Amino acid sequence: MFRLLIWLLLGYIGFRIIKSLTAPKKSMTSSTAPRTGEETVQDPICKMYLAKEDAIVGTLDGTRHYFCSMDCLEKFREQLDHTHHS
Ligand SMILES: [Zn+2]
């Protein structure tokens, strides 16, 4: 009886491994790898690319801009002010 349980367990583990290998890995991608199928945006200040959902959205001058941090948003806003008033 005990041996049967072991075999059942092994079979279950094998089944899970095969399933994880064949299953689409959309949800299993690590955060370090570049995520595909996700929209990326560029920070106009530090030129860094980031996922749209991680970006800070600033609507400035009627258009949407995406930033990695509030610092970059502030810098961009300053630049806009300078170009408008000089
Ligand atoms: Zn930035």
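Residues numbered from 1 in each chain as written. Predicted model: local features only at pLDDT ≥ 70, side-chain atom pairs only at ≥ 80, totals over all residues. Heavy atoms only, no water.

This brings us to the overall build of the protein chain. Along its length, the protein chain carries two helices and four strands. Put simply, the protein chain runs from its N terminus to its C terminus through helices and strands in the order α-β-β-β-β-α. Taking all 86 residues of the protein chain together, the buried fraction comes to 16%. Partitioning the contacts of the protein chain with sequence separation of at least 6, the portion at a separation of at least 24 is 18%. Working note: accessible area of the protein chain is about 7400 Å², and carbon and sulfur atoms make up 60% of it. (Helix = DSSP H or I, 4+ residues; strand = E, 2+ residues; numbered from the N terminus. Buried < 20%, exposed > 50% of the residue type's maximum accessible area, 1.4 Å probe, protein only. Contact = heavy atoms within 4.5 Å. Areas by Shrake-Rupley, 256 points an atom, 1.4 Å probe, with all protein chains shown as cover.)

Protein-derived ligands of the zinc ion are D43 (OD), C46 (SG), C68 (SG) and C72 (SG), with the metal-ligand distances lying across 2.0 to 2.3 Å. Angles of 97 to 121 degrees at the metal separate the four donor atoms of the zinc ion, which places the site in the tetrahedral class. Written as a sequence motif, the donor residues of the zinc ion are D-x2-C-x21-C-x3-C. Of this pair, D43 sits in the loop between strand 1 (40-42) and strand 2 (49-51) while C68 sits in the loop between strand 4 (63-67) and helix 2 (70-85), placing them 25 residues apart in sequence. (Donors = N, O, S within 2.8 Å, 3.2 Å for Na, K, Ca; no water. Tetrahedral: all angles 85-135°; square planar, octahedral: opposite > 155°, others 65-115°.)

Among the surface-exposed residues, L9, Y12, I13, F15, I17 and L21 lie close enough to one another that they form a single nonpolar patch of about 630 Å² accessible area. For L9, the location among the structural elements is in helix 1 (residues 2-22). (Patch = residues over 30% accessible without salt bridge, like charges linked within 9 Å, V, L, I, M, F, W, Y side chains within 5 Å. Salt bridge = Lys/Arg side-chain N within 4 Å of Asp/Glu carboxyl O.)

A word on the side chain of D43. Notably, D43 is buried but unbridged: the nearest opposite-charge side chain belongs to K47, and the N-O separation is 7.6 Å. In this structure the side chain of D43 is engaged in a polar contact, spanning 2.8 Å, whose partner is the backbone nitrogen of I45. Discounting chain neighbours no more than four positions away, the residues touching D43 are M48, L50, Y66, F67, C68, S69 and C72. (Lys, Arg positive; Asp, Glu negative; His and termini not counted. Polar contact = N/O pair within 3.5 Å; in protein donor to acceptor, adjacent residues only side chain to side chain.)

It is worth spelling out the pairing of strand 4 at this point. Both strand 3 (residues 56-60) and strand 4 contribute to a ladder of five bridges, which runs antiparallel. Following the sheet pairing, I56 is matched in strand 4 by F67. Here strand 3 hands over to strand 4 after two residues, with D61 in that stretch at a positive phi of 60 degrees. (Pairing = 2+ DSSP bridges.)

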